[in-house]
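Examining the three-dimensional arrangement
The primary structure of each chain is shown beneath.
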Amino acid sequence: MQSTLEKHAHELRTCGYTIVENVLDRAEIDEANAALDTIFEQEKEIGPQRRWHNSTYKVAYMLPQKSPFFLSFPFNPRVLPLMRLLLGNDCVVGSLNGLSMTPGGESQKLQLDQNESVPGTELTINALQTLDPCTKENAGTRVEPCTQ
């Protein structure tokens, strides 16, 4: 019988995505939202200048440098074992950013997060920890299965 971890790894390998539920509890979601709101407020002048805030989204880069709350995110016990299973125990966090879609804004265009690939080999994994439900109404993430 396949473990939950192996199930998620299989889905990532075959579909290009998986959904791990309940990664954050309600208190963590509330704290993350509050921390992101504070960061977005602190960057309200520089964000538009650097195109971090635009008609599609607001983004804050390198969250652990801006709020100690985000230091624990890469070590989440619901996510890290999956990353290590697929990438190895010495996997590296490349970035930890916060993104909020602009209400009534433009749709984000599809993009490649990594131009290079090696068939059958996982090189990178993006782990999205959503703080709100992903719905069409709030510009939730669009999933394109098997496009890795």
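The notes below deal with the structure included here. (Residues numbered from 1 in each chain as written. Predicted model: local features only at pLDDT ≥ 70, side-chain atom pairs only at ≥ 80, totals over all residues. Heavy atoms only, no water.)

1. Some points on the pattern of salt bridges
In total, this model carries four salt bridges according to the counting rule given. Measuring nitrogen to oxygen at the nearest pair gives 2.7 Å for the salt bridge that ties glutamate 41 to lysine 44. The class for lysine 44 is partly exposed, based on a relative accessible area of 45%. Lysine 66 is the salt-bridge partner of glutamate 43, the closest N and O atoms lying 2.5 Å from each other. Remark: lysine 66 occurs in helix α4 (residues 63-66) and glutamate 43 occurs in the loop between α2 (26-42) and α3 (46-49); sequence separation between them is 23 residues. According to the relative accessible area criterion, glutamate 43 is buried, its value standing at 9%. (Salt bridge = Lys/Arg side-chain N within 4 Å of Asp/Glu carboxyl O. Buried < 20%, exposed > 50% of the residue type's maximum accessible area, 1.4 Å probe, protein only. Helix = DSSP H or I, 4+ residues; strand = E, 2+ residues; numbered from the N terminus.)

2. Some details on α2
The terminal C-alpha atoms of α2 lie 24 Å apart, and with 17 residues this matches the ideal 24 Å at 1.5 Å per residue to within 8%. Here the buried face of α2 lies against β1 (57-60), α4 and β2 (98-101). Put simply, aspartate 25 is the residue that caps the front of α2, since its side-chain oxygen is 3.1 Å from the backbone nitrogen of alanine 27. (Expected span 1.5 Å × (residues − 1). Contact = heavy atoms within 4.5 Å. Polar contact = N/O pair within 3.5 Å; in protein donor to acceptor, adjacent residues only side chain to side chain.)

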